[in-house]
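Commentary on secondary and tertiary structure
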Amino acid sequence: MSSYTVTSTTTIAVSSANPLAAHDLAHACGADLEWVARLVEMGIVMVPDAMSSPDDWRFDSAALQSALEARRLERDFGVGLDAAALILDLQHEVRRLKAVLKQMGSDSN
Amino acid sequence: MDFKDYYKTLGIDPGASEEDVRKAYRKLARKYHPDVSKEPDAQARMRDLNEANDVLRDKEKRAAYDALAARVAQGYGAGPEGSGNYQPPPGWDSGFEFHRGPAQGPADHADFSEFFSSVFGKGEHRGAQSRQYRARGEDHHAAIEISIEDAIKGVEREIVLRAIEADAKGQPAIVNRTLSVKIPAGVHPGQFIRLGGQGMPGQGGEAAGDLYLEVRLAPHKLYRVDGRDLYMTLPVTPSEAALGAQVQVPTPGGGVVEVTVPPNARSGLKLRLKGRGLPGAPPGHLYLLLEIALPPANTEAARQAYEQLAKAAPFDPRQHLATSGV
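Residues numbered from 1 in each chain as written. Chains lettered and ligands numbered in written order. Predicted model: local features only at pLDDT ≥ 70, side-chain atom pairs only at ≥ 80, totals over all residues.

1. Some points on the overall build of chain A
Quick note on the threshold: Secondary structure is summarised from DSSP: a helix means a run of H or I of at least four residues, a strand means a run of E of at least two, and numbering begins at the N terminus for each. Whether a residue is buried, exposed or partly exposed follows from its count of other C-beta atoms within 10 Å of its own C-beta, namely 20 or more, 12 or fewer, or something in between, respectively; the C-beta atoms are built from the backbone. We call two residues in contact whenever the C-beta atoms placed from their backbones are within 7 Å.
Helix and strand content of chain A: four helices and four strands. Put simply, chain A runs from its N terminus to its C terminus through helices and strands in the order β-β-β-α-α-β-α-α. Counting the 109 residues in chain A, one finds 27% classified as buried. A fraction of 48% describes how many contacts in chain A between residues 6 or more apart in sequence connect residues 24 or more apart.

2. Examining the overall build of chain B
Helix and strand counts for chain B stand at eight helices and 11 strands. The 326 residues of chain B split such that 25% are buried. Long-range contacts, defined here as pairs at least 24 residues apart, represent 59% of the contacts in chain B between residues at least 6 apart.

3. Here we look at the sheet that holds strand β2 (residues 11-13) of chain A
Operational definition: When DSSP finds at least two bridges between two strands, those strands are taken to pair. Axes, fitted as lines to C-alpha atoms, cover a helix only where it is in contact. Angles between the N-to-C directions of the axes lie from 0 to 180 degrees.
Sheet architecture is open: four strands sit in the order β2(A)-β4(B)-β5(B)-β1(B), paired in mixed fashion. Of all the strands in the sheet, just β2 of chain A together with β1 (140-146) of chain B have a single pairing partner and so form its edges. Neighbour-to-neighbour, the strand axes of this sheet turn through a mean angle of 25 degrees, independent of strand direction. Bridging between strand β4 (residues 192-195) of chain B and strand β5 (residues 211-217) of chain B involves four bridges; their strand directions are antiparallel. Bridged to I193 of chain B within β5 of chain B is L213 of chain B.

4. Some words on the environment of R216 of chain B
Residues and elements named next belong to chain B. Among the structural elements, R216 can be located in strand β5. Assessed through the 13 C-beta atoms surrounding it within 10 Å, R216 is described here as partly exposed. Placed 26 residues apart in sequence, R216 and G190 show a C-alpha to C-alpha distance of 6.4 Å. Among residues more than four places away in sequence, those in contact with R216 are A143, I144, E145 and P189.

5. Considerations on the packing of helix α2 (residues 18-32) of chain B against helix α3 (residues 42-56) of chain B
Residue and element names in this part refer to chain B. To keep it simple, the criterion reads: Should an angle fall under 35 degrees it is taken as roughly parallel, and over 145 as roughly antiparallel, whereas 65 to 115 is taken as roughly perpendicular and any remaining angle as oblique. Helix crossings fall into two classes, left-handed where the near helix is turned counterclockwise from the far one by less than a right angle and right-handed where it is turned clockwise. Only Asp, Glu, Lys and Arg are considered charged in this grouping, and only Ala, Val, Leu, Ile, Met, Phe, Trp, Tyr, Cys and Pro are considered nonpolar; every other residue, Gly among them, is considered polar.
Taken N-terminus to C-terminus, the directions of α2 and α3 make an angle of 165 degrees; their axes are 10 Å apart at the nearest point. Our classification of the angle between α2 and α3 gives roughly antiparallel. At the point where α2 passes α3, the crossing takes the left-handed sense. Residues V21, Y25, L28, A29 and Y32 of α2 touch α3, and the partners they reach there are A42, R45, M46, L49, N53 and L56. By residue class, the composition of the contact of α2 with α3 is nine nonpolar, one polar and one charged.

6. Quick notes on the confidence of the model for chain B
All names here are of chain B. Worth spelling out the cut-off: Note: pLDDT gives the predictor's confidence per residue, expressed from 0 to 100.
When the pLDDT values of chain B are averaged, the result is 80; 77% of them are 70 or greater. For the stretch residues 89-103, pLDDT sits under 50, and the model shows 33 contacts to residues farther than four places along the chain or on other chains. For this predicted complex, the interface confidence comes out at an ipTM of 0.87, alongside a pTM of 0.71.

7. Re the nonpolar core
Inside soluble globular proteins, nonpolar side chains tend to come together where they are buried. Convention followed: The term nonpolar core means buried Ala, Val, Leu, Ile, Met, Phe, Trp, Tyr and Cys residues held together as one set by C-beta atoms within 7 Å. Domain delimitation in this document rests on an assignment produced automatically or drawn from a domain database.
L25, I44, L64 and A67 of chain A are the most contacted members of the largest nonpolar core, which totals 47 residues. In terms of residue count, helix α3 (residues 61-77) of chain A provides more of this core than any other element does, six residues in total. Structurally, this core is a two-domain feature, drawing no fewer than three residues from each of domain 2 (134-218) and domain 3 (223-321) of chain B. Ignoring anything within four residues of it in the chain, the contact list for I44 of chain A reads L39, S66, A67, A70, L81, A84, A85 and L88 of chain A. Among the nonpolar cores identified, the runner-up in size contains 17 residues, and Y6, Y7, L10 and M46 of chain B belong to it.

What follows is the structure, given as structure tokens:
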């Protein structure tokens, strides 16, 4: 097995200052623009104006995380995006409450 | 490298139907999903389940895996599961291509085993190469764990990626690529670092995909992370808590700040150092949780001091239990 080193020159931390375009988000999830539009419609990812052109939409790391999780739920559990949105909301709430319990010194497990 | 028995992982027979695979995965995923599971090894079990499901729910991958398993059963290239001696036999996957359809989602193999990468990474790559159309390469996903200090100050780290490239004879060979990755200052957990062009190669002259690295923070001996906020236990003596004090506290960004402990502070009191958590817009805070540490009464002088304190400041911490007269 051979090895070599490549130095990456284009490292960007995805954020609101360095966001992903809608087609980047779709590509990162192995999906298409129509799928991203459905994410927006379901509120799984947010844009300032859902009626604006998808070309104007921008997404940060939290949106990418939500989109990837929705994709996995859709693929592995066969759920629709409306159900995925509810599952993700519940998942975030469970994690938030577990963090609160941890801060209070209780074991959440 | 261990040979992975994916059927055993999902608790099904090799003859299981697609529906059986789906049911087994969903049932076990509910049991081991880290958000709901009480099992101590939930995270590792969920990772194994995802890997087994990724192969067995895909007809092409499953057929290739079954062929491989049959050869392993005949003794080719195999050590049994757990022996660590498995190597895929040369040409084991000839005749198979692994296509990633539009509904199959991202190539998120970041957490999968070396076995998976060596067997299915190769097949997926060749499948992609043989298609006759133009398409940008797939994006890939992986995770990188860094310290809190590195997240704040930025760091350069090397990661090793496994890829298939043609060797001197034009034959596909596994190549370890080492990427030197600059993590910018001020990243937070869950943030993605995007490395342009470091995903799968494009087809028909199209651009390569990107690599997304998800930032994870390593456990820290002092700080606990919640979003961008950091929590630290701050031990103080009884006299510092009672009388108030100025104490020095290390901050994750480096340096030391002086913090005022107010008089009559109780154990568990939370002090906030605004903006001293992880960077961001807005930055997180550093919370100090007061913990009163008792000096041991292991000398005569210390014992006398405790006795004098008891006389000078009579105090019943169990008054609310209303046990007097019971």
